[in-house]
Structure formats: structure tokens, C-alpha cells
Amino acid sequence: MSSSSDLPAKTSGGTSGKSPDSASGSAADSPLGAGAASPSAGKAPYVFASASPYVEDRIGAVAIYCSDGRLGDHTDDFLHQGLSLPRYDRLALPGGAAGLSGRPTAYWESVALATQLRFLVQAHSIQVVVLIAHQGCAYYRERLCLPAEMMEEQQLIDLKRASDAIMRLGPDLQLYSFYARRQKGKVLFEHVRLTLTE
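Residues numbered from 1 in each chain as written. Predicted model: local features only at pLDDT ≥ 70, side-chain atom pairs only at ≥ 80, totals over all residues. Heavy atoms only, no water.

Draft legend 1. Inspection of the overall build of the protein at higher detail. Summing up its helical and strand segments, the protein has five helices and five strands in all. When its helices and strands are written in sequence order, the protein yields α-β-α-β-α-β-α-α-β-β. Residue burial in the protein is summarised as follows: out of 198 residues, 39% are buried. A sequence separation of at least 24 residues applies to 73% of the contacts in the protein between residues at least 6 apart. With an accessible surface of roughly 11700 Å², the protein has 53% of that area assigned to carbon and sulfur atoms. (Helix = DSSP H or I, 4+ residues; strand = E, 2+ residues; numbered from the N terminus. Buried < 20%, exposed > 50% of the residue type's maximum accessible area, 1.4 Å probe, protein only. Contact = heavy atoms within 4.5 Å. Areas by Shrake-Rupley, 256 points an atom, 1.4 Å probe, with all protein chains shown as cover.)

Spelled out as C-alpha cells, the structure:
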């Protein structure tokens, strides 16, 4: 069984570079920027070309975290730069790892998340799982009705429960848990050391 006490080793690669011959539409030309429901008559449809080249190889890692869009860029930055996990698979949903906590209020999330994770482990040869909880999560406040002073403690408990559930799914998986905390306009990702149930 793998523990969550050690961080994954850095790998070569990192984030991809720019493609010199790429072309992209501007934000002003996008359907959102134009505010139009459909293209104007005779106008070519909007197409955006990503400057990042496509890489076929998978890296065998998945991250499970909350779908709060305010933390999306920070989470990508952390996983790409902090853990050197480019092209990681994503399972983002409200509450993140709470979906595997065994809470009765998260039953349907648990069914869906476990099914999706099981598929990725098999189809994408997942070996590394990263769990991320974050400060001020609306799922814990609104869905679970927890007061602010109890949220972090319960999130850490749920990280442990989710880790145990994942190890039952694949005992050879490497698990790493983190708590994202806001501090002075930045987001800090703190490693959470868990003792997994045998």
C-alpha cells in the first residue's frame, strides 16, 4: 500500500510551449465576447486554435478537486509546476473528495465519482491520485450546512475517508492529499499527511 507521506518525484517535461504556426481567434471575436446567440449570416464560425501542442502520451495521474472556478488556474499551476504533473486527468465536482467521504448527503456524488475514477484507473492506467480540498468550500457550507469554524476539520476527515475509499479501489495507487488555503491574495497548497487504514 502506498502512503501519502512522500511527495511525487519531479518528472521531465512540464508545461508545453508555444506553437509557432498556430493561429487563434481573439476574445473580442468569440461568441461570448460578441454576446450573440448565433453567427451572423455569411460570417465564418468562430474557431480558436490553442497554442499548446497536443501530446498523445498519458502520465498516469488524476486529480480530484472542487469545481470552484476561482481556483482553476491555481490548481493547474500547482499540479503542473509544483508536482510536475502535465496533462493530468481531472475529476472536478462540487466538494471534490467529499464525494468519496461516505457521507449520506453525498451518496449520489459517491456513486458517480467512484464510477468515473474506476474507469480512469483502468482505461488511462492511473497510478497517482491527488486529492485537493480548499478553504471556504461552498459545498460544505451550503450542502452540508457546516459552520465556518468546523469546515476545515471536516474537510481533512473527508480527505482521509476518500483516501481509504480509493485504496480499496486500487491498493497499488499512490495517494497525495493537499489543502488549498488563501493567504495575502495567493493560494497555498499544503501537503496533508494521512495515515491510511490497512
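Draft legend 2. Quick peek at the sheet that holds strand β3 (residues 128–134). Spatial ordering of the open sheet is given by β2-β1-β3-β4-β5, a layout of five strands whose pairing is mixed. Of all strands in the sheet, those bounded by a partner on one side alone are β2 (89–92) and β5 (186–192). Looking at each pair of strands side by side, their axes are set apart by 25° on average, direction ignored. Bridging between strand β4 (residues 174–183) and β5 involves seven bridges; their strand directions are antiparallel. Note that in β5 the partner of Arg182 across the bridge is Val187. Set on the sheet, helix α3 (residues 107–123) makes contact with β1 (61–65) and β2; between it and β2 the angle comes to about 175°. Running over the sheet, helix α5 (residues 148–169) touches β1, β3, β4 and β5 and is turned about 160° from β4. (Pairing = 2+ DSSP bridges. Axes fitted to C-alpha atoms, helices over the stretch in contact; angles between N-to-C directions.)

Draft legend 3. Broad picture of the nonpolar core. Counting 24 residues, the largest nonpolar core has Ile64, Leu100, Leu117, Val129, Leu131 and Ile166 as its most contacted members. Counting residues per element, the ones that place at least two in this core are β1, α3, β3, α5 and β4. Among residues more than four places away in sequence, those in contact with Ile64 are Leu91, Leu93, Gly96, Ala97, Leu100, Leu113, Leu117, Val129, Val130, Leu131, Ile132 and Ile166. (Core = buried A, V, L, I, M, F, W, Y, C linked by side-chain atoms within 4.5 Å.)

Purely spatial values, then, with no claim about function.
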